[in-house]
Amino acid sequence: MSRTPEDRRARSLDRSSLDRSSLDRSWHLARTRPEMDVAEMEYALIRCFEGFGHWQAECLAAVSEFSGSGPENALLHMIRMNDRPKSVRDLCHLSNRDDIPNIQYSLRKLIKAGLVVRNGSGRSGVTYEVTSLGRKITDDYANVRADLLIEAVSRVPDLGKRLRAAAQTFDLMTGIYEESARTAATHRTYRQKTTAKAKRD
């Protein structure tokens, strides 16, 4: 029996209105509802982070010939933040990073590109600040960001409120991740016990 266009549209609507909970979202990191909630947030965060990296690279390329990674671009703006010099320790604190050798490598690239200058000496007296070129590029970046990214965000109703809530959630999750990481580091025997149990089984 042939179906009318109205029938086909109705069937399509029925399929599109299926309850998302009917989809199988379980896997080894998502065995329970709380595990699913965290796993979906984590993978959304991973995809968002990669999208953020693509945006940073393209926006930087639009205003500069410097070919920097997302973390290097972020580091440049952190150094410019509040227009005051920053130490490596400051940058670690602002970015929640502890990979100092990688940060120092990025700083050398920024210095070589003429965007950042190193001041001071000794282990605790060294700070970094943007040069006049670095200031111009970060200003130009801010302008392109306002014209493209912020304009797109502004067109979505209530997105500002949702972004503020998301930022609070990410801050909360950062603390939970850090505390859980400290606990895991404190109780390394957990891995040995589970390995021994798996061998017995």
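Residues numbered from 1 in each chain as written. Predicted model: local features only at pLDDT ≥ 70, side-chain atom pairs only at ≥ 80, totals over all residues. Heavy atoms only, no water.

(A) Focus on the layout of surface pockets. Estimated volume of the largest pocket: approximately 1,700 Å³. Along its surface, the largest pocket is lined by 39 residues, and Leu-45, Phe-49, Phe-52, Gln-56 and Phe-170 are the ones closest to its centre. Those elements that place two or more of their residues in the lining of the largest pocket are α2 (33–63), α3 (70–80), α4 (88–95), α6 (132–154) and α7 (159–186). Considered class by class, the residues forming the lining of the largest pocket number 25 nonpolar, 8 polar and 6 charged. Its boundaries defined by the atoms lining it, the second largest pocket holds a volume of some 230 Å³. Of all the elements in the fold, those that place two or more residues in the lining of the second largest pocket are α4 and α5 (100–112). (1 Å grid on protein atoms, 1.4 Å probe; cavity = no way out; pocket = protein on both sides within 12 Å on 5 of 7 lines; lining within 4 Å. Points joined across faces, edges and corners; volume = space filled by probe spheres on them. Helix = DSSP H or I, 4+ residues; strand = E, 2+ residues; numbered from the N terminus. Nonpolar A, V, L, I, M, F, W, Y, C, P; charged D, E, K, R; others polar.)

(B) Region of interest: the nonpolar core. Counting 23 residues, the largest nonpolar core has Ile-79, Leu-107, Leu-110, Leu-115, Val-116 and Tyr-128 as the members making the most contacts within it. When residues of this core are traced back to their parent elements, those giving at least two are α2, α3, α4, α5, β2 (127–130) and α6. Among residues more than four places away in sequence, those in contact with Tyr-128 are Ile-79, Pro-85, Lys-86, Val-88, Leu-107, Ile-111, Val-116, Val-117 and Arg-118. (Core = buried A, V, L, I, M, F, W, Y, C linked by side-chain atoms within 4.5 Å. Buried < 20%, exposed > 50% of the residue type's maximum accessible area, 1.4 Å probe, protein only. Contact = heavy atoms within 4.5 Å.)

(C) Local environment of the pattern of salt bridges. Throughout the structure, instances matching the rule amount to 10 salt bridges. When the shortest N-O distance is used, the salt bridge between Asp-37 and Arg-33 registers 3.1 Å. Placement of both Asp-37 and Arg-33 in helix α2 is noted, with a separation of 4 residues, approximately one turn of the helix. In this structure Arg-33 comes out as partly exposed when scored by relative accessible area, which is 46%. For Arg-80, the salt bridge goes to Asp-83, with nearest N and O atoms at 2.6 Å. By relative accessible area, Asp-83 is classed as partly exposed at 46%. Through salt bridges with shared partners, a single ionic network connects Arg-80, Asp-83, Arg-135 and Asp-139. (Salt bridge = Lys/Arg side-chain N within 4 Å of Asp/Glu carboxyl O.)

(D) Geometry of the packing of α2 against α6. At a closest axis distance of 9 Å, the pairing of α2 and α6 adopts a crossing angle of 120°. Here α2 is positioned oblique relative to α6, judged by the angle of their axes. Once α2 is placed against α6, the crossing between them reads as right-handed. On the side of α2, the interface is formed by Trp-55, Gln-56, Cys-59, Leu-60 and Val-63, while α6 contributes Ile-137, Asp-140, Tyr-141, Val-144, Arg-145, Leu-148 and Leu-149. When the residues that make up the contact of α2 with α6 are grouped by side-chain class, the tally is 9 nonpolar, 1 polar and 2 charged. (Axes fitted to C-alpha atoms, helices over the stretch in contact; angles between N-to-C directions. Parallel < 35°, antiparallel > 145°, perpendicular 65-115°, else oblique. Left-handed = near helix turned anticlockwise from the far one by under 90°.)

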